[in-house]
Structure formats: structure tokens, C-alpha cells
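Analysis of the macromolecular model
Listed below are the residues making up each chain.
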Amino acid sequence: IVQRAAGTHTILRSSFNSVRHMMRHPVTYVKSPMFLMMWGVYAATYTTANSLKTVFEHNEYNKLKENGNNQTASHAKFGIFAGTTIVNSATTMLKDRAYATMFGTTGAASKIPLVTYGLWGMRDCMVIGSSFILPDLV
């Protein structure tokens, strides 16, 4: 998608080239900056989500033990959502900007419109909400 946005490849060509490279050179692919950046985003996101969930659940358990009621569940879910979204959005935007620089034409990263950052943020909110908050509600 970044290569397409930068105008260097079609989606089909970029996908084909990426899969071919992964199949022919798996170790090189895993050591590549593009893979490591993607892995870093997922590692940061899941570490944040799981850490926040553990902290909030521990606090809820302690409050339940003391008071006998649990009134902080919605606050905890919002805290998990907000913290995870901030980490995911920040790391994803850094990664996407780096990808635009790596795969784009000269100056591609400086040409990213401001609205794109808003769209990336909305995407991240939907991903975090549907991945970490929605399953607990369903």
C-alpha cells in the first residue's frame, strides 16, 4: 500500500515481489528493516495491551476484595483502549513514514498529507477496539 501511495508499484506487483522475496530469502526477510519495524509495532502493541489489562485487572481484583463491588470496568476498558491506541498509533505512524521513505520516490515522506495521519489514527482506533476491547464485550 505504501509503495502504491508512493507511486512506485501497483498493489499486485508489490504483493508479488514481496511474496517472492519472502519465499526465496526468508532469513534475509526476517532480518530486514521492514519486517523488524512491523514486528516492533506488534510487539509494542501487544505488550502494552497485555500489561495494561493485567494492571487494571489486578486493581479491579483488589477493589473487589476491599469493597465487594466492581464499578471500574468501563474505566479500565477505556484505559486499555486509550493506552494501547496511543502506543499502536505512534509506532505505526513512525513505521509507515519510514516505509514511505524506504519505498517511495525522493521526498515521499515529506509529501504525506496531514489528513493521512488522521486516517491512520482512525484505522488504529478501529483495530485496537476490535482486537482488544470488543472480544471481552462479546
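Since the structure is predicted, the reported quantities are computational estimates derived from the model, not experimental observations.

**Comments concerning the layout of surface pockets**
Taken as a whole, the second largest pocket holds about 230 Å³ of empty space. Surrounding the second largest pocket, 15 residues form its lining, Val41, Tyr42, Asn88, Thr92 and Val127 being those nearest its centre. For the lining of the second largest pocket, the secondary-structure elements that each account for two or more residues are helix H4 (33–67), helix H5 (73–103) and helix H6 (114–137). For the lining of the second largest pocket, the element with the highest residue contribution is H6, accounting for 6 residues.

**Brief notes about the environment of Ser130**
For Ser130, the location among the structural elements is in helix H6. Spatially, the C-alpha atom of Ser130 lies 10.0 Å from that of Phe81, the residues being 49 residues apart in sequence. Of note is the side chain of Ser130, whose polar atom sits 3.2 Å from the backbone oxygen of Val127.

**Some remarks on the side chain of Ser32**
Structurally, Ser32 can be placed in the loop between helix H3 (26–31) and H4. Judged by its relative accessible area of 12%, Ser32 is buried. Within polar-contact distance, the side chain of Ser32 engages the backbone oxygen of Tyr29 at 2.6 Å.

**Focus on a nonpolar patch on the surface**
A contiguous nonpolar patch, built from Val115, Leu119 and Met122 and spanning about 310 Å² of accessible area, is present on the exposed surface. Here Leu119 is to be found in helix H6.

**Some words on the pattern of salt bridges**
What the rule picks out here adds up to 3 salt bridges. For Asp96, the salt bridge goes to Arg123, with nearest N and O atoms at 3.2 Å. Of this pair, Asp96 sits in helix H5 while Arg123 is found in helix H6, placing the two residues 27 residues apart along the sequence. Note on Arg123: relative accessible area 29%, which makes it partly exposed. In this structure, Asp124 engages Arg123 in a salt bridge whose closest nitrogen and oxygen atoms are separated by 3.1 Å. For Asp124, a relative accessible area of 2% translates into the label buried. Through salt bridges with shared partners, one network takes in Lys95, Asp96, Arg123 and Asp124.

Calculation rules
Residues numbered from 1 in each chain as written. Predicted model: local features only at pLDDT ≥ 70, side-chain atom pairs only at ≥ 80, totals over all residues. Heavy atoms only, no water. 1 Å grid on protein atoms, 1.4 Å probe; cavity = no way out; pocket = protein on both sides within 12 Å on 5 of 7 lines; lining within 4 Å. Points joined across faces, edges and corners; volume = space filled by probe spheres on them. Helix = DSSP H or I, 4+ residues; strand = E, 2+ residues; numbered from the N terminus. Polar contact = N/O pair within 3.5 Å; in protein donor to acceptor, adjacent residues only side chain to side chain. Buried < 20%, exposed > 50% of the residue type's maximum accessible area, 1.4 Å probe, protein only. Patch = residues over 30% accessible without salt bridge, like charges linked within 9 Å, V, L, I, M, F, W, Y side chains within 5 Å. Areas by Shrake-Rupley, 256 points an atom, 1.4 Å probe, with all protein chains shown as cover. Salt bridge = Lys/Arg side-chain N within 4 Å of Asp/Glu carboxyl O.

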